[in-house]
There are 2 protein chains.
Amino acid sequence: MSSLNSITQALAALSITPSETVQHASATSPAAWKEALQNVPKTPKEFELLKVLVFKPKTAKSATPIPVVVVARDDTETSSSSLGKKLNLKELRLASEDLLSEFFSLDKDSLSPLALNAERFPRITTVVDASLTTVKVPLAVRACSSSETVFLSGPDIIAYLRNLETAEVKVQEVDFVALKSEVVDGVAAQAKPAEKKEKKAEKDDAKIEGAVQIAIGVKKEADFAAWYTNVLIKADMLDYYSVSGCYVLKPWSYSIWEAIQEWFNSKIKEMGVENAYFPMFVSQKVLEREKDHIEGFSPEVAWVTRAGQSDLEEPIAIRPTSETAMYPYYAKWIKSHRDLPLKLNQWNSVVRWEFKAPQPFLRTREFLWQEGHTAYLTKAEADKEVLEILDLYRRVFEELLAVPVIPGVKSEKEKFAGGLYTTTVEGFIPTTGRGIQAATSHCLGQNFSRPEMFNIFVEDPNDPTGQGKIHVWQNSWGLSTRSIGVMVMVHGDNQGLVLPPRVASVQAVIVPCGITAKTTEEQRQEITAKCEELVVTLKKVGVRARADLRDGYTPGYKFNDWEQKGVPLRLEIGPQDLAKKQTLGVRRDTGVKAPIPLTGIETAVPALLETIQNEMFSRAKEVYWSRVKQVTEWEKVVPTLDDKCVVVLPWCEVESCEDDIKERSGRAAEPQDERAPSAGAKSLAIPFDQSRWDPIIPGKTKCPACGSDAKRWTLFGRSY
Amino acid sequence: MSSLNSITQALAALSITPSETVQHASATSPAAWKEALQNVPKTPKEFELLKVLVFKPKTAKSATPIPVVVVARDDTETSSSSLGKKLNLKELRLASEDLLSEFFSLDKDSLSPLALNAERFPRITTVVDASLTTVKVPLAVRACSSSETVFLSGPDIIAYLRNLETAEVKVQEVDFVALKSEVVDGVAAQAKPAEKKEKKAEKDDAKIEGAVQIAIGVKKEADFAAWYTNVLIKADMLDYYSVSGCYVLKPWSYSIWEAIQEWFNSKIKEMGVENAYFPMFVSQKVLEREKDHIEGFSPEVAWVTRAGQSDLEEPIAIRPTSETAMYPYYAKWIKSHRDLPLKLNQWNSVVRWEFKAPQPFLRTREFLWQEGHTAYLTKAEADKEVLEILDLYRRVFEELLAVPVIPGVKSEKEKFAGGLYTTTVEGFIPTTGRGIQAATSHCLGQNFSRPEMFNIFVEDPNDPTGQGKIHVWQNSWGLSTRSIGVMVMVHGDNQGLVLPPRVASVQAVIVPCGITAKTTEEQRQEITAKCEELVVTLKKVGVRARADLRDGYTPGYKFNDWEQKGVPLRLEIGPQDLAKKQTLGVRRDTGVKAPIPLTGIETAVPALLETIQNEMFSRAKEVYWSRVKQVTEWEKVVPTLDDKCVVVLPWCEVESCEDDIKERSGRAAEPQDERAPSAGAKSLAIPFDQSRWDPIIPGKTKCPACGSDAKRWTLFGRSY
């Protein structure tokens, strides 16, 4: 293996010879690693594991984070809070897999001090466990691989790291035992409340540093970003992937996407839209044809430059969206007004190589979506469709995902690059008080069809001379898997995911209960049979039901499992229930328990699922609207935003004013977590329904930001 | 525009100054170009268009074709047959868009003599119209763009080309007027039959050189490759794309894929398979983990090396298939035998950057497919699933696409790289007598799960010591859009596409007929109403019906249109039919016409569609089996293959013998068209049903190729 070779060479250059080098089964935990090593004959009889931990300090959005790499004996207690205090860094957190992969091109199971080299060392803070100098046995060091280990002495490891030091950047040797008592002493000298806080922080750290990096138990309100990823992992929605910014969509989340696909497909097909598939590749020339449009995308375009061993003559882009890829063909296919309207849609993935911190579903380098592209003879027809599609998007969110959204139009600054205007349904994440763009439907006008661009025209059927040309009116519209992330954020709670029944791949889970040592085999079988019968009964009426008859798991374990996964309804069946000819229904969304008679259950359960769906939506809607605040004085904008609300301002609709609002509201704010960027407020939408707020009196109502005449009530907020 | 700049510079270096340089609307035909130029004030009052034609001579498969580039005045008659004769080249044909794009990185509307440079010139034969030397007006020359033109004098154009000449490669000046009479004289001196042939060839050329490059009228039996692409274009299945080897799937073909998806999804979901989505990107390290496996794919892997303006630290592959991308996660997710079986499937696109000539659906650089990846505790379970899936594939072909296939197992040489064994359903294209792999279901065995590889294991649930480990048994299986190409090739005829009813997005088209000048407005309306009513009636019983009520098209035009598109059933309704309360049904597959009474049509039409479906399959099956020839003597192998058949040999199953058969049967054969490669016969499948052929007597029946003991009857053939 080449990495092993280069490691051995690097060590040899420092005259360090590993006491042994072994290959072993791939191991993803310290325990498994130890076991794997012990299974290899060459492994020294006595050894200790070396651990490498990477922490990220909290930094302002704009700053580049400097990771802290701790190289220590596996047994050494390395409290991140104490270390943070020592290094004077705020809120050290274990780094995400993404950061590891980006910084070291390694996952946590391959991470090694030997991955530090002249290039990486200056960009990090390296902390080494002082007790390495005295350890007697060889240390097992990952050879930048989960299946290869080199055995080195403690001093050799330190020597390797010291060799990387520069005039500016040194290795920090820390005595963690001493550090612990220092901090405790320090805390003891302070007042009580501070002590409490410190202890709490340590407790939290301990949790995170435990066996599993992604553990349940982070509260939604306390650390939203960690809560979100935890829920996704625990609910079996998603897994991290070896290419940074990409994620595996597991069946539990993909089935939600399938539910959305099925519903949306049926609706657009009724409208006469047909599905098609255009290639994922776009030639550079075609991609760059529309200047404003490409400007919006070019920093994020991924380029293929090589195939096998051959360099391509010209780099080829992976589509970030398909306007320019499709429209040359629209020009070719649309020869007469009889070819209009042309309405195509495709379900595909697009790639936007974001350099900001990725976040599952919300900001990923590849994502799934549908993109519709239509062409009409007249603007009126195009305008009509833009709104029809937007209303379908609203229904996807409100009727399927139970997520309230506000339909409106984007400001000029926020509209789709190269389009005429953009309509949007804007969602809201109450926990952070941030807006989130849910889906957009664009009218492109004639910008892509005009003669200098793709020149998509037909003879004007109403021109008697036959000379008149009409360049077509185009729309494009897209809905992505981001919708799933929004749903998780809005509905999830501290027990995990909460799924709206209409998109849940399991709507009701039936769990046998109350089986004890006293239960007879006959009773057991009766309960099992009843569970299975109930599944059949419910499936017949279209309920996606499943019985959890797994052996060796307690009902409590199963409850927890399905709660984490957000199944809307749990039906418990035990001996008592059987006697009473009922089942105990437990709602995931409210936790409310109520018996449901088995007689008539085929109508009761579907009705209850509908109730759950509707109530989830109503509650979410109530929260959203309670956080939309009408504000008419600038002084109240930032405090209202800080209060986790969005504001509706009577706005002048001038772009420079929008920039100004963003700048002024951002400056005032606290430095934010980089996962929730854009601390300044931007315009989210100009809602179609203006009647909710006081009438704007032309010439009288003023924009609270700049004092000019206000035009329309506009939603501003911090956003994703 | 940079290309214009570089052109102007190149000309300036030769002291050539264009009389004018203009930008104009993009134009895709000579007429449109002329018009676009005339709309620009700067365009000279008088000018002629310059045309550039690229021809490809027929060459043996192994040879690199040397394109012939003809630079001529637009009015000059440039007969390709005469030119071929003059240059002593066989069957000059207009080059495909793919070739243009690959050779010149230009489409036909941007093609320009100015695209010839020191690098390209030696690789082509350049022919220049001698009359360019005498033309008086400026010539409009494409500036390597469909929207930019430079005006040059004839002698300037020739000077530009002469400047590229090397010691070996010269420009050929041809007097096309003289050439024409030469050839005519030559033909006149020959015998009658030859003259006929020559004239026919000229006629064919004329057709191809006409306004539309892809024109109907090529016979399936005469030029299968041209027929195939013509059908695809004319039936509105597909369009060429600006990235070579990629194609646009239009709704007419994509809907077939949707029909396959819906059916196959429902079946695999019954089997407990769940859909998921893994990213399209694979890190180099992960991709290259399984050596045998990657060897099979690496020459065709597309690599992303740049994002925006940043070079990636490591190139990232686009998946050619997902085994190595998925299995690290299988190792992570499968922790106990309770996690088995794991059955995931995804519908996605994969990229294999083929360097052979692409062919729509059959060999494309990006294609759509599903890939299933499953893991089991035991081999028996894995074996069972391999065959269950293969049978679903058989049913997709036979029951949906009406395409007969032979199920069997692949030879060791032809199995999936890195797998244990591969099962296949093998199709057959009667027109070329070639086999075609339709879909494959692989048992990977424990090759990917073994400790040195992805180490996917569980504790053996049946081992009382708790020490035993079982590495899981894995399968992978895939079906691609290639299936659509096979269907087109098998069923299409000289009128165009023929669709089996079950996958046709329009199963019955209703066309109003018999409307003449004498028809009253009332009758007209009655006919229209009846057509619309019939659509409603048929839709109610699940028939995908459409009425073609387009104004301004004759019934004959409509008949032709829907025939080309392959709609299974046409229902004509005219005044006579109305009077008789009937409709005239016309079958696309047989052309048979028969009246269908309107009373009871809701049962008659579905029944007729079923009949069409079944008869299409029966006929195709009969043809297939009539071309599967039992052969036991080597001498008969090549003649049987030449007779457009596949052979079943009692084969020894030794790999060197397979190589030998391929080599010997290839050597004997005629040089083949490059689009149908592999003139030598390879093993297609060892059919599961061996009972069709004489029993093989162990130790007695010999392999006809090498004389060793035969094992099983094996299908050999030329193939795609």
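As annotated in an unreviewed UniProt entry, chain A carries the name proline--tRNA ligase and is attributed to Russula ochroleuca. Here chain A is described in UniProt, under the heading Sequence similarities (unreviewed entry), as follows: "Belongs to the class-II aminoacyl-tRNA synthetase family."

S.K.: I'd like a description of the overall build of chain A, backed by residues and values.
M.R.: When you go through chain A residue by residue, the secondary structure sums to 20 helices and 31 strands. Taking 2.2 N^0.38 as the reference for a compact globule, 720 residues should give roughly 27 Å; the C-alpha atoms of chain A span a radius of gyration of 30 Å, in line with that estimate. Considering only C-alpha atoms, chain A reaches an extent of 95 × 75 × 60 Å along its principal axes. Each of the 720 residues in chain A was classed as buried or not, and the buried ones make up 56%. A fraction of 70% describes how many contacts in chain A between residues 6 or more apart in sequence connect residues 24 or more apart. Within the structure as shown, chain A displays about 30300 Å² of accessible surface, and the carbon and sulfur contribution to it stands at 51%. Here chain A holds 91 positive side-chain charges and 97 negative ones, and the gap between their average locations is 3 Å.

S.K.: Lay out the pairing of strand E27 (residues 593-597) of chain A with the relevant residues and their values.
M.R.: All names here are of chain A. Relative to E27, strand E26 (residues 582-587) runs antiparallel, the two being bridged by 5 bridges. Among the inter-strand pairings, Leu584 is bridged to a residue of E27, identified as Pro595. The hairpin formed by E26 and E27 contains 5 residues between the paired strands, and Gly591 there has a positive phi angle of roughly 80 degrees.

S.K.: Describe in detail the pattern of salt bridges, supporting the description with residues and values.
M.R.: One pass over the full model with this rule turns up 78 salt bridges over all chains. Among the ionic pairs, Arg93 of chain A bridges to Asp223 of chain A, the shortest N-O distance being 3.6 Å. Note that Arg93 of chain A is positioned in strand E4 (residues 93-94) and Asp223 of chain A in the loop between helix H7 (192-209) and helix H8 (224-234), a separation of 130 residues in sequence. With a shortest N-O distance of 3.1 Å, Lys415 of chain B and Glu412 of chain B are connected by a salt bridge. Here the residues in one salt-bridge network are Asp548, Arg550, Lys558 and Asp561 of chain A, joined through shared partners.

S.K.: Describe the UniProt feature "domain: Aminoacyl-transfer RNA synthetases class-II family profile" (unreviewed entry) in chain A, and please don't skip the residues or the numbers.
M.R.: UniProt's feature table lists "domain: Aminoacyl-transfer RNA synthetases class-II family profile" (unreviewed entry) at residues 254-500 of chain A, given in the numbering used throughout. The span residues 254-500 of chain A carries 29% helix and 32% strand; its end-to-end C-alpha distance comes to 15 Å.

S.K.: Before we move on, can you summarise the sheet that holds strand E12 (residues 281-283) of chain B with the specific residues and values?
M.R.: Taken together, the 6 strands give an open sheet; going across it, the order is E12(A)-E14(A)-E13(A)-E13(B)-E14(B)-E12(B), and neighbouring strands pair in antiparallel fashion. Two strands in the sheet have a free side with no partner beyond their single neighbour: strand E12 (281-283) of chain A together with E12 of chain B. Neighbour-to-neighbour, the strand axes of the sheet open up by a mean angle of 45 degrees, direction not taken into account. With 3 bridges joining them, E12 of chain A and strand E14 (residues 310-318) of chain A adopt antiparallel strand pairing. Bridging from a neighbouring strand, Val282 of chain A pairs with Ala317 of chain A of E14 of chain A.

S.K.: Residues and numbers for the relation of the copies chain A and chain B, please.
M.R.: Superposing chain A onto chain B takes a rotation of 180 degrees combined with a translation of 0.0 Å along the rotation axis, leaving an RMSD of 0.3 Å. Both chain copies can therefore be described as sitting about a two-fold axis. Of every C-alpha in chain A, the one belonging to Val304 of chain A sits nearest the axis of rotation, 2.2 Å from it. Both copies present the same face, since 95% of the interface residues in chain A are matched by interface residues at the equivalent positions in chain B.

S.K.: Describe the packing of aromatic side chains, with residues and values.
M.R.: This structure, assessed with the given rule, holds 52 aromatic pairs over all chains. Aromatic side chains Phe264 of chain B and Trp347 of chain B sit 6.1 Å apart centroid to centroid with 90 degrees between the ring planes, which places their arrangement in the edge-to-face category. Placement of the pair is Phe264 of chain B in helix H9 (residues 251-270) and Trp347 of chain B in strand E15 (residues 342-351), with a sequence separation of 83 residues. Taken together, Tyr241 of chain A together with Phe278, Tyr327, Tyr329, Tyr330, Trp333, Phe448 and Phe454 of chain B form an aromatic cluster joined through their ring pairs. Between Arg570 of chain A and the ring centre of Phe559 of chain A, over which it is positioned, the NZ or CZ distance is 3.7 Å. Here the basic side chain of Arg664 of chain B rests over the ring of Trp634 of chain B, its NZ or CZ set 4.0 Å away from the ring centre.

Criteria and cut-off values
Residues numbered from 1 in each chain as written. Chains lettered and ligands numbered in written order. Predicted model: local features only at pLDDT ≥ 70, side-chain atom pairs only at ≥ 80, totals over all residues. Heavy atoms only, no water. UniProt positions renumbered as here; feature names shortened; annotations may be inferred. Helix = DSSP H or I, 4+ residues; strand = E, 2+ residues; numbered from the N terminus. Rg over C-alpha atoms; globule rule 2.2 N^0.38 Å. Buried < 20%, exposed > 50% of the residue type's maximum accessible area, 1.4 Å probe, protein only. Contact = heavy atoms within 4.5 Å. Areas by Shrake-Rupley, 256 points an atom, 1.4 Å probe, with all protein chains shown as cover. Lys, Arg positive; Asp, Glu negative; His and termini not counted. Charge placed at Lys NZ, Arg CZ, Asp CG, Glu CD. Pairing = 2+ DSSP bridges. Salt bridge = Lys/Arg side-chain N within 4 Å of Asp/Glu carboxyl O. Axes fitted to C-alpha atoms, helices over the stretch in contact; angles between N-to-C directions. Least-squares fit on C-alpha atoms with pLDDT ≥ 70 in both. Phe/Tyr/Trp six-rings, centres within 6.5 Å; stacked < 30°, edge-to-face > 60°. Lys NZ or Arg CZ within 6 Å of the ring centre and 35° of its normal.

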